[in-house]
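Now for the letters of each chain:
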Amino acid sequence: MDWKPSRHSDIPIYQQIVDFIEKRIIYGEYPPGSILPSERTLAKMLEVNRGTIITAYDVLHSKGMVERIKGSGTKVSSDFWGLTRNRIPNWNLYVESGSFLPNLPMYQHIQDEIQERSLINFASGELAPDLTPYADFRHILSQSEFNHSLGYDHSQGNLSLRNTVADHLQEYKRIDCTSQSILITSGAQQALYLIVQCLLHPGDSVAIENPSYAYSLPLFRSARIKTHLLTVGEQGVEPDDIIALYKKHKIKMIFLNPIFQNPTGTLLSHERRTKILELSAELGIPVVEDDPYSLIPFSKEADTATLKSLDRNGNVLYISSLSKLVASGLRIGWIVGPQKVITRLADAKQQVDFGHSIFPQWIATEFLGADTFAGHLNHVQQRLLEKRNLLIASLERHLSDYVTFHAPEGGVHLWCSLKREVNEYRLLEAALRNGVVFVPGSLLGSEKGHMRLTFGRTETPLIEEGVLRLKQAFMMLT
Ligand SMILES: Cc1ncc(COP(=O)(O)O)c(C=O)c1O
């Protein structure tokens, strides 16, 4: 809840709370029968005394707007709408019966905590504010001429941006493509969504990595796609496992994040990349390569050749985005694939949102196309390496009794195995109480006893303090 009562108003605080809740009830935001936050929770949310909330709820009760239920708090009255008894839709039923499934509750909980509290953030898969190129953005906004149409644009995305992305892919990833085979999306996330919705059918089977970012997405279940898991080892997934899944479940697509995988940070070995491409061609099933991290290696030696750059048959649908290189809030991503597929996905994107907003596309075109991009990339790589090193040093100094890990060679995530048996969810709650947040491994599909620490999002001076807070959380439980 963003709203807070004003301390400078002449209206008493309890009355401001009454007015606020009354309006929410009247406008249908809190439908009849819905449970209101407990006195303690609401007091915390609004930063007032619990007594003030008790008074506010008493006033609402005397007006007949809420009912007090012994033992279970306060709920909106079922019949305050008066004698005419207007029929109110059963919103709960609607909310539960949609075919698009909600995020996992633990995932929602982490998001809410991050939004509402000031925490040391090892959970969000993005860059820290100290890596966001604000000065470059200000320069673009003040110096570059905006001369694009403000009408609906091409459903594949703005042509200037698609040409710039094609040049970028050629220069940085040796991927040869033209503007016609690119679709601009709202991040890699929308690219995954469109592929699942348009190229698969309810009941189809696909292979995804375990653990993986894809596992955390209800996207597949919403589309009634069956996911089969490929275990991620130190060298990535094992090609033979793909054959086994194909034989057993006739999988129709393989979703991989081969370079600096989220969450394990692993790099699929070159040999396995080649083998997987061979398999894909042999079995005739496409690989969806999700590649947000390949431009963030920590050494020149890291072999970051994407599957797409090695693909000679057109078997790879390639996804990437600016979220981990520039800013996640730009919401710029892309898919590269056969024109037939891109046209189909662009048609779907048009139905979903009539194409991407021109403003982030314009900024992305200017940013990606500028001579300063290479310098920015180098800066991000160096700063992320510093963050990674600091996290590793802090883990070794303070948490070596509790976790083990492999140092990732790129990307933004570090995957930890817990040395002692600790319930990850209780650990998360203890961490939140200490003002730090991470992602429990099982949210990403792993077996018990793992956690993902994302160093990319944490401000550098806070990394060690974050690890100390995690240590306190461990100590509370062991
Ligand atoms: C592997 C992977 N794919 C896709 C995404 C979605 O990123 P975005 O939609 O911001 O580009 C993420 C974000 O964490 C990711 O790690």
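Given the structure is predicted, the values throughout are model-derived calculations rather than measurements. (Residues numbered from 1 in each chain as written. Predicted model: local features only at pLDDT ≥ 70, side-chain atom pairs only at ≥ 80, totals over all residues. Heavy atoms only, no water.)

Attention shifts here to the UniProt feature "domain: HTH gntR-type" (unreviewed entry) in the protein. Taking the numbering used here, the UniProt-annotated feature "domain: HTH gntR-type" (unreviewed entry) corresponds to residues 11-79. Helix makes up 51% of residues 11-79 and strand makes up 12%, while its end C-alpha atoms are separated by 29 Å. (UniProt positions renumbered as here; feature names shortened; annotations may be inferred. Helix = DSSP H or I, 4+ residues; strand = E, 2+ residues; numbered from the N terminus.)

Across its 14 residues, helix H1 (residues 13-26) extends 20 Å between first and last C-alpha, which sits within 8% of the 20 Å expected from 1.5 Å per residue. Within the span of H1, buried status applies to Gln 16, Ile 17, Val 18, Phe 20, Ile 21, Glu 22, Arg 24 and Ile 25. Buried residues along H1 sit against helix H2 (39-46), helix H3 (50-62), strand E1 (66-69) and strand E2 (73-76). Gly 28 occupies a position one or two residues after H1 and carries a positive phi of about 85 degrees. (Expected span 1.5 Å × (residues − 1). Buried < 20%, exposed > 50% of the residue type's maximum accessible area, 1.4 Å probe, protein only. Contact = heavy atoms within 4.5 Å.)

As a general point, the strands of a sheet are linked pairwise by backbone hydrogen bonds and lie either parallel or antiparallel. One open sheet accounts for 8 strands, arranged E4-E11-E10-E9-E8-E5-E6-E7; its pairing is mixed. In the strand order of this sheet, the two ends are held by strand E4 (182-185) and strand E7 (236-237), each with one partner. Where strand E5 (residues 205-210) lies against strand E8 (residues 253-256), 3 bridges are found, and the strand directions are parallel. Pairing of Val 206 across the sheet is with Met 253, part of E8. In this fold helix H8 (residues 187-199) packs onto E4, E8, strand E9 (287-290), strand E10 (316-321) and strand E11 (333-336), with an angle of close to 150 degrees to the strand it touches most, E10. (Pairing = 2+ DSSP bridges. Axes fitted to C-alpha atoms, helices over the stretch in contact; angles between N-to-C directions.)

Turning to the sheet that holds strand E12 (residues 403-405), a few remarks are in order. Strands sit in the order E12-E13-E16-E15 across an open sheet of 4 strands; the sheet is antiparallel. Looking at which strands have only one partner, the edges of the open sheet turn out to be E12 and strand E15 (439-440). Inspection of the sheet shows strand E13 (residues 413-418) paired to strand E16 (residues 450-454) by 5 bridges, in the antiparallel sense. By the bridge assignment for E16, Trp 415 is matched with Arg 452.

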